Amino acid sequence: MEESDAQDDGRDCLLRFVDVHKQYGEDVIALRGMNLDVYPGEFLTLLGPSGGGKSTALMMLAGFDTPTSGDILYKGQSLADIPAHRRNFGVVFQSRALFPHLSALGNVAYPLRMRGVSRSEAVKRAREALNRVHLAPLVSKRPARLAAGEQQRVALARAMVFDPDVILMDEPLAALDTDLAIRMEEEIRQIHEDLENTVVYATQDHTEAIALSDRIAIINAGAVQQTGTPEALYEEPQNAYTARFMGETNMLQGTVTSHDAPMCQVTLDTGEEVTATAINIHGAGARTRLSVRPERLVVNPGDDVAPNRFRAKVSEMNFRGDHTLVHLLLPSGTRLEAKVPNAQAEVGFGPDGDVEVGWHARHCRALDPPQ
Ligand code: ADP
């Protein structure tokens, strides 16, 4: 299932994970054969659950840890013998890890001083970096006197001040409240656009990943499940894991009855016959999971969505601001969720109403069966 990025010889990519394994002790396997390419100037996000291996991958990129086997290449050369301080990579962690005894300015000037930049030049550049993250008035404050979001901005300024080739960010917004995280998200995106450096970013939050990234790699159990643009992963997941991790979806289990590429027929375990796009199935008789996103379900559809249309009862309606989440119950017991935009609010049905629900076969993807 794991997708290898290795379609070329790697000359175009800046960083390349080649079959990287990482084992801790006897039985913790943090990475199991990770293959991933990162291209110059892109914003690539590792998106996956806690424990998936994202931090381990970033720690190895930074040079704070080493693979058990496999290799990481930078411009085609192995990083194995290059210590962290000789990699020109900036690092931002969730914990921020600022020096408590230095001011914001001192923290940001530090990596420049380490690189032999004169004191006056380091201060000048540190001020510019702090300006960029809107912290100019707070340069003399120590971390303990800064709010969480301000501390994270200092960490960001410190990571970019020495013009690194790559910035590594490990869940930098996870500890911030939602409003602040959204503002920081915008700033991170702007900084990346301005500086044009390569960013490898880790998060568990798919909306954050979608908002920030040029490409996303879905990470699970130490391996890459799928890589692609946010749109491709959301609209064209190749496996059920990716479909679920990228956003809400209706997942229906069934058995393939016929396969005539690119389409297939599936009988759901609850009896309905569904036409779907065959993505990741093994022919007639195979088990599959169908994924159809809630915004692709049409309540009381027109004639054009035949043949996937079924009678249903509205069991619940939840107002969600920009849309209403409509819970539907088919006579067989199948439950579905549809998102109906509130801009089209004259929906013409209410709780307990009898409706039809339908969806296009092109929006319904037949994916791998449950393990
Ligand atoms: P993520 O960043 O996606 O949450 P991690 O890379 O932190 O995942 O962890 C991957 C797995 O490796 C987890 O099972 C974690 O407990 C384990 N792990 C990470 N670092 C260590 C370590 N230093 N020693 C032992 N196990 C570790």
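Relevant structure appears above.
Rules used throughout
Residues numbered from 1 in each chain as written. Predicted model: local features only at pLDDT ≥ 70, side-chain atom pairs only at ≥ 80, totals over all residues. Heavy atoms only, no water. Helix = DSSP H or I, 4+ residues; strand = E, 2+ residues; numbered from the N terminus. Buried < 20%, exposed > 50% of the residue type's maximum accessible area, 1.4 Å probe, protein only. Contact = heavy atoms within 4.5 Å. Areas by Shrake-Rupley, 256 points an atom, 1.4 Å probe, with all protein chains shown as cover. Lys, Arg positive; Asp, Glu negative; His and termini not counted. Charge placed at Lys NZ, Arg CZ, Asp CG, Glu CD. Pairing = 2+ DSSP bridges. Axes fitted to C-alpha atoms, helices over the stretch in contact; angles between N-to-C directions. Near = heavy atom within 4 Å. Polar contact = N/O pair within 3.5 Å; in protein donor to acceptor, adjacent residues only side chain to side chain. Nonpolar A, V, L, I, M, F, W, Y, C, P; charged D, E, K, R; others polar. Phe/Tyr/Trp six-rings, centres within 6.5 Å; stacked < 30°, edge-to-face > 60°. Lys NZ or Arg CZ within 6 Å of the ring centre and 35° of its normal.

**Student:** Explanation requested: the overall build of the protein in the structure shown.
**Tutor:** Scanning the protein for helices and strands turns up 8 helices and 20 strands. Over its C-alpha atoms, taken along the principal directions, the protein stretches across nearly 75 × 45 × 35 Å. Every one of the 371 residues in the protein was classed for burial, and the buried ones make up 50%. Sequence separation of 24 or more characterises 67% of the internal contacts of the protein that already satisfy a separation of 6 or more. As displayed, the protein has an accessible area near 17,300 Å², and 49% of this comes from carbon and sulfur atoms. Across the protein, the 37 positively charged side chains and the 51 negatively charged ones have centroids separated by 8 Å.

**Student:** It is not clear to me how helix α1 (residues 54-62) should be interpreted in this structure. Could you clarify?
**Tutor:** Of all 9 residues in α1, 7 are buried, a share of seventy percent or more. For α1, the complete set of buried residues consists of K54, T56, A57, L58, M60, L61 and A62. Immediately downstream of α1, the backbone of G63 shows phi near 95°, a positive value.

**Student:** What is the right way to read the sheet that holds strand β4 (residues 69-74) from this model?
**Tutor:** The pairing of strands in a sheet comes from backbone hydrogen bonds and takes either a parallel or an antiparallel form. Pairing within the open sheet is antiparallel, and its 4 strands lie in the order β2-β1-β4-β5. Each end of this open sheet is capped by a strand with a single partner; those strands are β2 (28-38) and β5 (77-78). Taken together, the 5 bridges between strand β1 (residues 15-24) and β4 define a ladder with antiparallel strand orientation. Each residue of the ladder has a partner; that of R16, found in β4, is L73. The sheet contacts of α1 involve β1, β2 and β4, and relative to β1 the element is tilted by about 115°.

**Student:** What is the right way to read the site of the ligand from this model?
**Tutor:** Taken together, the neighbourhood of the ligand is formed by Y24, V28, A30, P49, S50, G51, G52, G53, K54, S55 and T56. At 2.7 Å, a backbone N or O of S55 approaches an oxygen atom of the ligand. Across the complex, the protein chains shield 60% of the 560 Å² of accessible surface that the ligand would expose by itself. Looking at the shell around the ligand, the elements that each hand over two or more residues are β2 and α1. Considered class by class, the residues forming the shell around the ligand number 4 nonpolar, 6 polar and 1 charged.

**Student:** Is there a simple way to think about the sheet that holds strand β20 (residues 365-367) in this case?
**Tutor:** An order of β11-β12-β13-β20-β14 is seen for the 5 strands of this closed barrel, with the pairing classed as mixed. Taken over all neighbouring pairs, the strand axes of this sheet differ in orientation by 55° on average, direction set aside. Relative to β20, strand β14 (residues 287-292) runs antiparallel, the two sharing 3 bridges. Counterpart to S291 in the pairing with β20 is R365.

**Student:** For this particular structure, what's the right way to read the packing of aromatic side chains?
**Tutor:** By convention here, two paired aromatic rings are described through the distance between centres and the angle between planes. Evaluated as defined, the whole model comprises 6 aromatic pairs. A cation over an aromatic ring shows up here: R115 above the ring of F162, its NZ or CZ 3.7 Å from the ring centre. Over the aromatic face of Y234 sits the side chain of R293, whose NZ or CZ is 4.0 Å from the ring centroid.

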